[in-house]
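Examining the three-dimensional arrangement
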Amino acid sequence: MHLLSLNLPDLLIPLWRGTFECSTDDSKATWDWACLAKSDVWKAHGERVAAAVVDIPGVFGRPPRNPAEKINSGYKAWEFHLYLWGLGPGLLHGILPDAYWCNFCKLARAVRLITQHSITREELKTANNLFIEFTHEFEELYYRRKIERIHFVRQSVHALIHYGREVETKGPLICASQWTMERTIGNLTEEMRQHSNCFANLTQRAIRRARVNALKAIIPDIDPDAKKPTNPRGSCDLGNGYLLLSHHERTRHETTALESTAILAWIHENAPDSPELSSRGRDGCLKVRRWARLQLPNGQKARSIWCVREQHPNARKSRNVKFTINGNITLGVVHYFFQIHPCTNTQPIAVALVSLYSSPHLPTLLASSGALYSCKYLGETSLTVIPVFAIDQIVSMNPHKIDGDDRYFMFEQPGNDVTNLGGFMVSGEDDEDDE
């Protein structure tokens, strides 16, 4: 936690801003990496970070504030994490000189791989190699074997070389990170009421919590939460951890011409005997009953464009999803969820109507070591229907430009299981939809 979310940001950001300690034998005029040194550039960069908040799903946790205004005002570790390792490769593209940007992207890609709750041997090898490459290049690009810059090479840089080996011997490090402990400390501190004797009060609160947890483990029936219904009211359990969530339509409503074309194409290919073909409106377009949200097995709640919450101007978007069809990973925007009966008197199939993003910009993807996954949004002309079971997770799609073209770069929720481990406070936006 501290190495990736506090120590490294404390090294890289001051270097890029030109505020890092400079020896008397050195000159900041030779720091060609200090791309954020000018106040107007730093201010504009901070505004881009703040503007990106609405494109980061609420389940990703606390979003980064404007670093130009708040970086010295209690900027949290999770804010640094989303800012640097999530938004960094996209927002720093075209600002950091190419050599320094490619070097940073190696670190960002390695951090994303290493902070997974489970990691394959190939991913571990990739992350370890990227950490080693970043470390060696960091010394060549920043330190440059100059004695007056030896303080650039902090312990946090050297520690990265050992990260891969530690995962191999101890398992994914996120399972032993400080996120859970930090959250527990915060919870216990909130319960303190006797500040005149604070440590004794804190001890008693911890003892009381341990006793309550022990009783719940011994006698599960006394836990009031255990008697609550497992699924939210009005939901539809699809199996395998997928749930359709309210709001939903009680009667069928007519789709648009483009939507109807996409739905008909899917039905003719996958359910040619479906009774849905007879449910049409005045213009011959199909009628469907729309659902607003979908809960995924990982606990994320994907919202559709049709969802009321998603239409609020300042709502954090949860409509962008990553799904896998025939082994191919694709990104798309969910317009709404609905169900189709493949035949009469059969169980319905839950599907989603999505518009697609293009394949990633390959030169940028390769140059960034896989850290910058940049796509174009193809609009409603790309509408297609997919089974909800193909949806893997919600992703963040943030606008940026490459060679003047409007594009979107993707990043996934860091350490998807951190939320379940109590690592940070999850936004309550999704809960508001249940009220």
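Summary of the structure given here. Counting restarts for each chain, with residues numbered from 1 along the sequence as it is written. Since the coordinates come from a predicted model, pLDDT governs what is reported: local features require at least 70, and pairs of side-chain atoms require 80 or more to be given and counted, while whole-chain, interface and lining totals use all residues. Side-chain figures throughout are based on the complete set of non-hydrogen atoms in the structure, without hydrogens or water.

Right, let's talk about the overall build of the protein for a bit. Elements are defined by DSSP. Helices are runs of H or I of four residues or more, strands are runs of E of two residues or more, and each kind is numbered from the N terminus. Along the protein, the regular secondary structure elements total 13 helices and 13 strands. If you line up the protein on its principal axes, its C-alpha atoms span 80 × 60 × 40 Å. Counting over 435 residues, the protein shows a buried share of 45%. Contacts were defined at the residue level, with two residues in contact if any of their heavy atoms lie within 4.5 Å. At a minimum sequence separation of 6, the contacts of the protein that also span at least 24 residues come to 65%. Shrake-Rupley sampling with a 1.4 Å probe provides the accessible areas, and residues are treated as covered by the protein chains on show and by no other component. By element, 52% of the accessible surface of the protein is carried by carbon and sulfur atoms, the whole surface being about 21,700 Å². Looking at charge distribution, the protein has the averaged site of its 49 positive side-chain charges lying 4 Å from that of its 49 negative ones. Partly exposed residues are those whose accessible area sits between 20% and 50% of the maximum for their type, while under 20% is buried and over 50% is exposed, using a 1.4 Å probe and protein chains only. For the purpose of counting charges, residues Lys and Arg are taken to be positive, whereas Asp and Glu are taken to be negative. His and the chain ends are not included. Here the site of a charge means atom NZ of a Lys, CZ of an Arg, CG of an Asp or CD of a Glu.

What follows covers a nonpolar patch on the surface. Patches draw on residues past 30% relative accessible area with no salt bridge. Two like charges within 9 Å are joined, as are two nonpolar side chains (Val, Leu, Ile, Met, Phe, Trp, Tyr) within 5 Å. Think of a salt bridge as a Lys or Arg side-chain nitrogen and an Asp or Glu carboxyl oxygen that are within 4 Å of each other. A cluster of nonpolar side chains, contributed by Leu-215, Ile-218, Ile-219 and Ile-222, occupies part of the molecular surface with about 390 Å² of accessible area. Ile-218 sits in the exposed class, given a relative accessible area of 65%.

What follows is about the packing of helix H2 (residues 39–51) against helix H4 (residues 77–91). Two elements in contact, H2 and H4, have axes whose closest approach is 11 Å; the angle formed by their N-to-C orientations is 115°. Handedness of the crossing formed by H2 with H4: right-handed. Where H2 abuts H4, its residues Trp-42, His-45, Arg-48 and Val-49 lie against Tyr-83, Leu-87, Gly-90 and Leu-91. Charged residues are taken to be Asp, Glu, Lys and Arg, nonpolar residues to be Ala, Val, Leu, Ile, Met, Phe, Trp, Tyr, Cys and Pro, and polar residues to be all remaining types, Gly included. Residues belonging to the contact of H2 with H4 are distributed by class as follows: five nonpolar, two polar and one charged. Here an angle of 0 to 180 degrees is reported between the N-to-C directions of two axes, which are lines fitted to C-alpha atoms, with helices fitted over the stretch in contact. Handedness of a crossing follows from how the near helix is turned relative to the far one, being left-handed for an anticlockwise turn of less than a right angle and right-handed for a clockwise one.

This part covers the environment of Glu-276. Mapped onto the fold, Glu-276 is located in the loop between helix H11 (257–270) and strand S4 (287–288). Overall, Glu-276 belongs to the buried group, its relative accessible area being 5%. Distance from Glu-276 to Asn-128, taken between C-alpha atoms, is 52 Å for residues 148 residues apart in sequence. Contact partners of Glu-276, with chain neighbours within four places excluded, come to Arg-252, Ile-267, Leu-286, Gln-339, Ile-340 and His-341. N or O atoms within 3.5 Å of each other form a polar contact, as long as, within protein, one can give a hydrogen and the other can take it, and as long as residues adjacent in sequence are counted only when both atoms are side-chain atoms. A polar atom in the side chain of Glu-276 sits 2.8 Å from the side chain of Arg-252.

Shape is all these values report; function is a separate question.
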